[in-house]
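Here are the chains, one letter per residue:
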Amino acid sequence: MKNGNLKLAIQKDGRLTEDAVSFLRSAGLQFENYKQKLFSSCRNFPLEIVYVRDDDIPDYVESGAVDLGIVGQNILYESNKRVANIVRLNFGFCSLSIAVPEESNIKKIEQLKNARIFTSYPNSTEKYFKKKNIPVNIMAVSGSVEITPALGIADAIVDLVATGRTLALNNLKVIEKIYDSQASLIVGKNNNLPEGKKILMQKLIKRFKKLIV
Ligand code: PRT
Ligand code: ZN
């Protein structure tokens, strides 16, 4: 990795990887196959593309370990990192939603008072219910949130929903949306970037913005 080059982090292997790679390629950036790599150097721009877990991207951008990142806004909202969300990229659409079992009598969030809510998004969930002034018991799990109502440990869940298929498969229904999300280009806020890098960054962002209609 070259020192003076910009660094951009994308998800290594997940739902956003393919679209992020296509997006970068459609911006004219040339780089080789990413599958087994931890990073790729662009052939026609002073840029390193770094492949990491999506959850780590806001942190790397905030700390300046990388200059830019492509990540779901959901990860950004959940992490509370000080980064600037500069371009929405029109892929990775989903929403963070509250769901209950299909046979449940719960129709409104007010009925969730003192309910047990399982989620992988405890910060977003807490913020939402605090704002609504509804006391709830939030339990954080790292995955397979949809199974917790069937296990009898959750009255409701808060999870990402795209097509709604996963909820339907697990006999769950959405009663409310907390926020919409899509992939987004982020940059650090208090970057003391050297002048050369600043110019490169502006050039790159301008190129990205042209692709978004
Ligand atoms: O390994 P790493 O930590 O990098 O990846 P990950 O497993 O944490 O994330 P990954 O690859 O699943 O998702 C990456 C990003 O894609 C998320 O942070 C979102 O910004 C975006 N995204 C878009 C989604 C979905 N759609 C989505 N449907 N992320 C997750 N889901 C899951 C959801 O959690 C649920 O289990 O898909 C299921 C629901 O999908 P539907 O279509 O059945 O509604
Ligand atoms: Zn993740």
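Our subject is the structure listed above.
Note that the structure is a prediction, hence the values are computed from the model and not measured. (Residues numbered from 1 in each chain as written. Chains lettered and ligands numbered in written order. Predicted model: local features only at pLDDT ≥ 70, side-chain atom pairs only at ≥ 80, totals over all residues. Heavy atoms only, no water.)

A. Broad picture of the sheet that holds strand S2 (residues 39-41). Taking strand neighbours across the sheet as the criterion, the 6 strands line up as S2-S3-S1-S4-S11-S5 in an open arrangement whose pairing is mixed. Every other strand in the sheet has two partners, leaving S2 and strand S5 (83-88) as the edge strands with one partner each. With direction set aside, neighbouring strand axes in the sheet form an average angle of 25°. Sheet analysis places strand S1 (residues 6-11) next to strand S3 (residues 47-52), joined by 6 bridges and oriented parallel. Bridging across to S3, Leu-8 finds its partner in Ile-49. Sheet contacts for helix H1 (residues 17-26): S1, S3 and strand S4 (68-72); angle to S1, the most-contacted strand, approximately 145°. Helix-sheet contacts for helix H6 (residues 195-211) involve S1, S3, S4, S5 and strand S11 (183-188), and the interaxial angle to S1 is about 40°. (Pairing = 2+ DSSP bridges. Helix = DSSP H or I, 4+ residues; strand = E, 2+ residues; numbered from the N terminus. Axes fitted to C-alpha atoms, helices over the stretch in contact; angles between N-to-C directions. Contact = heavy atoms within 4.5 Å.)

B. Local environment of the nonpolar core. One finds Leu-24 and Ile-70 to be the most contacted residues of the largest nonpolar core, which totals 30 residues. For this core, the elements supplying multiple residues, two or more each, are S1, H1, S3, S4, S11 and H6. The next biggest cluster of nonpolar side chains, apart from the first, holds 29 residues, and it includes Val-83, Ile-98, Ala-115 and Tyr-128. (Core = buried A, V, L, I, M, F, W, Y, C linked by side-chain atoms within 4.5 Å. Buried < 20%, exposed > 50% of the residue type's maximum accessible area, 1.4 Å probe, protein only.)

C. Molecular detail of the site of ligand 1. Taken together, 22 residues form the shell around ligand 1, and within it Arg-53, Asn-74, Thr-163, Gly-164 and Thr-166 come nearest. In the model, an oxygen atom of ligand 1 is placed 2.5 Å from a nitrogen or oxygen of the Thr-163 side chain. One of the backbone nitrogen or oxygen atoms of Arg-165 is found 3.4 Å away from an oxygen atom of ligand 1. Coverage of ligand 1 by the protein chains reaches 78% of its 840 Å² of free accessible surface. Those elements giving two or more residues to the shell around ligand 1 turn out to be helix H3 (73-79), strand S9 (156-161) and helix H5 (165-169). The leading source of residues in the shell around ligand 1 is S9, at 3 residues. (Near = heavy atom within 4 Å. Polar contact = N/O pair within 3.5 Å; in protein donor to acceptor, adjacent residues only side chain to side chain. Areas by Shrake-Rupley, 256 points an atom, 1.4 Å probe, with all protein chains shown as cover.)

D. Just helix H4 (residues 122-131), in detail. For H4, the complete set of buried residues consists of Ser-124, Thr-125, Tyr-128 and Phe-129. Seen from one end, H4 has its buried residues packed into an arc of 120°, which puts them on one side. For H4, exposure combined with an orientation more than 90 degrees from the buried face picks out Lys-127, Lys-130 and Lys-131. Against the buried residues of H4 lie H3, strand S6 (94-101), strand S7 (116-119), strand S8 (137-140), S9 and strand S10 (172-181). (Arc of directions from axis to C-beta.)

E. Geometry of the coordination of the zinc ion (ligand 2). The coordination sphere of the zinc ion (ligand 2), as far as protein atoms go, consists of Asp-54 (OD) and Asp-55 (OD), spread over 2.0 to 2.1 Å. One way to put it: the 4 donor atoms around the zinc ion (ligand 2) meet at angles of 74 to 173°, and that makes the site irregular. With a relative accessible area of 18%, Asp-54 lands in the buried category. (Donors = N, O, S within 2.8 Å, 3.2 Å for Na, K, Ca; no water. Tetrahedral: all angles 85-135°; square planar, octahedral: opposite > 155°, others 65-115°.)

Geometric values such as these leave the question of function open.
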